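Chain by chain, the residues:
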Amino acid sequence: MALLARLGSLVLLLAAWWLASRAADPRTLPSPEAVAAFVVREAASGDLLRNIGITLWRVAASFCLAMATGAVLGIALGRSRTADRLLDTPLLVLLNTPALIITVLAYIWLGLTETAAILAVALNKMPNVAVILREGARGLDPGLEEMAQAFRYDRRTWIRHVLLPQLEPFAVAAARSGISLAWKIVLVVELLGRPNGVGYAISYYFQLFDVAALIGYSLVFSAVMLAVDALLLQPLDARARRWR
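Computed from a prediction, not measured in an experiment: that's the story for all the values here. Numbering of residues starts from 1 in every chain and runs along the sequence as written. This being a predicted model, a pLDDT of at least 70 is required before a residue's local features are given, and a value of 80 or more before pairs of side-chain atoms are given or counted; all residues contribute to the totals for chains, interfaces and linings. Here the side-chain values reflect all heavy atoms present in the structure, with hydrogen atoms and water set aside.

Participant: Is there a simple way to think about the UniProt feature "transmembrane region" (unreviewed entry) in the protein chain in this case?
Facilitator: According to UniProt, the feature "transmembrane region" (unreviewed entry) maps to residues 56-78, 90-110 and 211-233 in the numbering used here. The span residues 56-78 is 100% helix and 0% strand, and its two end C-alpha atoms sit 31 Å from each other. Numbering of helices and strands runs from the N terminus; a helix is a DSSP stretch of H or I covering at least four residues, while a strand is a stretch of E covering at least two. Helix and strand shares over residues 211-233 are 100% and 0% respectively, and the end C-alpha atoms of the span are 31 Å apart. UniProt positions are given in the numbering used here, feature names are shortened, and annotations may be inferred rather than shown by experiment.

Participant: Got a minute to help me understand the packing of aromatic side chains in this structure?
Facilitator: Centre distance and the angle of the planes are the two values used to describe a pair of aromatic rings. Here a Phe, Tyr or Trp ring, Trp counted by its six-membered ring, pairs with any other such ring whose centre lies within 6.5 Å, and the pair is stacked when the planes are under 30 degrees apart, edge-to-face when over 60, and tilted otherwise. Scanning the model with the defined rule gives five aromatic pairs in all. Ring-pair connections join several aromatic residues into one group, and the members of that group are Phe 38, Tyr 204, Tyr 205 and Tyr 217.

Participant: Can you help me understand the nonpolar core in this one?
Facilitator: Burial of nonpolar side chains together is a common tendency in soluble globular proteins. We define a nonpolar core as any set of buried Ala, Val, Leu, Ile, Met, Phe, Trp, Tyr and Cys residues linked to one another through side-chain atoms lying within 4.5 Å. Here the term buried applies to any residue with accessible area under 20% of the maximum for its type, exposed to any over 50%, and partly exposed to those in between, with areas from a 1.4 Å probe on protein chains only. Formed by 38 residues in total, the largest nonpolar core has its most connected members in Val 59, Val 189, Tyr 217 and Phe 221. Of all the elements in the fold, those that place two or more residues in this core are helix H2 (32-45), helix H3 (47-79), helix H5 (99-110), helix H6 (114-138), helix H8 (155-193), helix H9 (198-207) and helix H10 (211-240). By residue number, the principal contributor to this core is H8, which donates 13 residues. Contacts between residues were defined by any pair of non-hydrogen atoms, one from each residue, lying within 4.5 Å. Excluding residues that lie within four positions of it along the chain, Tyr 217 makes contacts with Phe 38, Glu 42, Asp 47, Leu 48, Asn 51, Val 198, Ala 201, Ile 202 and Tyr 205.

Participant: Just checking my understanding: could you explain a nonpolar patch on the surface for this structure?
Facilitator: Like-charged residues within 9 Å of one another, or nonpolar side chains (Val, Leu, Ile, Met, Phe, Trp, Tyr) within 5 Å, are grouped into patches, provided each residue has over 30% relative accessible area and no salt bridge. Residue-level accessible areas treat just the shown protein chains as cover; the underlying method is Shrake-Rupley with a 1.4 Å probe. By salt bridge we mean one thing: a side-chain nitrogen of Lys or Arg within 4 Å of a carboxyl oxygen of Asp or Glu. Where nonpolar side chains cluster on the molecular surface, the patch consists of Leu 65, Leu 100, Ile 101, Val 104, Leu 105, Ile 108, Trp 109, Leu 110, Leu 119, Val 188, Leu 191 and Leu 192 and spans about 1100 Å² of accessible area. Elements represented by at least two residues in the nonpolar patch include exactly H5 and H8. Considering each element in turn, the nonpolar patch owes the most residues, seven residues, to H5. With relative accessibility at 35%, the residue Val 188 sits in the partly exposed group.

Participant: Explain the confidence of the model for the protein chain here, please?
Facilitator: In regions of low pLDDT, the predicted coordinates are not meant to be interpreted in detail. Residue-level confidence of the predictor, termed pLDDT, takes values from 0 up to 100. Scored by pLDDT, the protein chain comes out at a mean of 88, with 97% of its residues at no less than 70. Across the protein chain, H2 holds the top mean pLDDT of 95, while helix H7 (residues 142-150) sits lowest at 75.

Here it is in structure tokens:
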């Protein structure tokens, strides 16, 4: 039933787009057929798959870096009041610094390199992960802590059987919110300073005022990220909440 509802809403959206394109200038609002034709041509040339593959690699690299560093920082802040007092303000500053500024500074300091691009995205995502995992670490069940002490769990056993199961829902929540944020920032990073990727393609076709290309790349990449969420992140979310 849910699938039918989603398909129905998609059909209505396409119908509205088709009707609007008939009333508008095709240069500013191309029809679904024109966008589909561009996607087919771009895929046949190999540019579409190459640009999407490069962007996905940047998303994956920056996402993993942000999740790893943000999780460690968040757990440390949640478990230590001293660390929380010392690092809370810098974390909030980084959290509220616009992504554009972080990206530009990364390119200025590290040059127009792949390292700068990935680091800029990771720095934009990491504070969000840290804040979410900090709340999870603060809410650990004291009863489980007492049990671990009573059974004299070593550090490894405590992490595996006490810490990680309680933090899993928070980690999945951070991942789901982070993946949508990461790929949007990657496009900005590519638009500003990379010679390939979806962001670069959007910048190139913007200069040509090719709206069909802009919409085509946007729709295809959005579909890819929705597939990642549906096939990977939603099952992880369901697994993390299975105890409920």
